[in-house]
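Given next are the chains, with one letter for each unit.
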Amino acid sequence: MKFWALMILSCLTLISCKSDDDVTDDQVICTTEFVFGLLVQVRDANTGGIVLNDITVTATDGDYSEELTFSFDTFFGAGERPGNYTITVEAEGYLTLISNVIEVGADECHVITERVELEIEPL
């Protein structure tokens, strides 16, 4: 009798457990990571060196405009915001640069980061 009770309990436990087979192939599981749409490095066209001082990098998409944030050697912005951006670079001692349109797309979860390297010409 104890044997059969144990067998029934074991079967009920196995039936009630959720398996990995319950996840469908088309189910998307997104992370909570915050993804930036633009990563921009600005270089001196003559030397190839990264321009760090007295520089402003702005991304514009229609009526939306954002001054990109700088960290280490890269400007970043357009966080979780797909769009068609032009980037304006203004730096002391350099000609102002306006980039071609850069398309930032998105998938089911996040934007797809566009890495951009721009060269600016000294005055």
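Within each chain, residue numbers correspond to sequence positions counted from 1 in written order. Two thresholds apply to this predicted model, a pLDDT of at least 70 for residue-level local features and 80 or more for giving and counting side-chain atom pairs, whereas whole-chain, interface and lining totals are computed over all residues. No hydrogens and no water enter the side-chain calculation; it runs on all heavy atoms of the structure.

Caption draft 1: Main features of the pairing of strand β1 (residues 36-44). Two strands qualify as a pair provided that DSSP identifies no fewer than 2 bridges between them. Elements are defined by DSSP. Helices are runs of H or I of four residues or more, strands are runs of E of two residues or more, and each kind is numbered from the N terminus. With four bridges connecting them, β1 and strand β5 (residues 74-79) associate as antiparallel partners. Looking at the pairing, L39 lines up with F76 of β5. As paired strands, β1 and strand β9 (residues 114-120) are joined by seven bridges and run parallel to one another. The partner of R43 across the bridge, within β9, is E119.

Caption draft 2: Molecular detail of the environment of G62. Locating G62 in the fold gives a position in the loop between β2 (55-61) and β3 (64-67). Exposure categories follow from relative accessible area, calculated using a 1.4 Å probe and restricted to protein chains: below 20% of the type maximum is buried, above 50% is exposed, and the middle band is partly exposed. On the basis of relative accessibility, which here comes to 63%, the residue G62 falls in the exposed class. C-alpha of G62 to C-alpha of N84: the two residues are 22 residues apart in sequence and 8.0 Å apart in space.

Caption draft 3: Structural context of the side chain of E66. Structurally, E66 can be placed in strand β3. Engagement of the side chain of E66 in a polar contact is seen with the side chain of Y64, the distance being 2.7 Å. A 3.5 Å cut-off defines polar contacts: any pair of N or O atoms within that distance qualifies, except that in protein one atom must be a possible hydrogen donor and the other a possible acceptor, and neighbouring residues in sequence count only when both atoms are side-chain atoms. In this structure the side chain of E66 is engaged in a polar contact, spanning 3.0 Å, whose partner is the backbone nitrogen of A78. Not counting residues within four places of it along the chain, the set of residues in contact with E66 comprises V57, T58, A59, G77 and A78. We call two residues in contact when some of their heavy atoms are within 4.5 Å.

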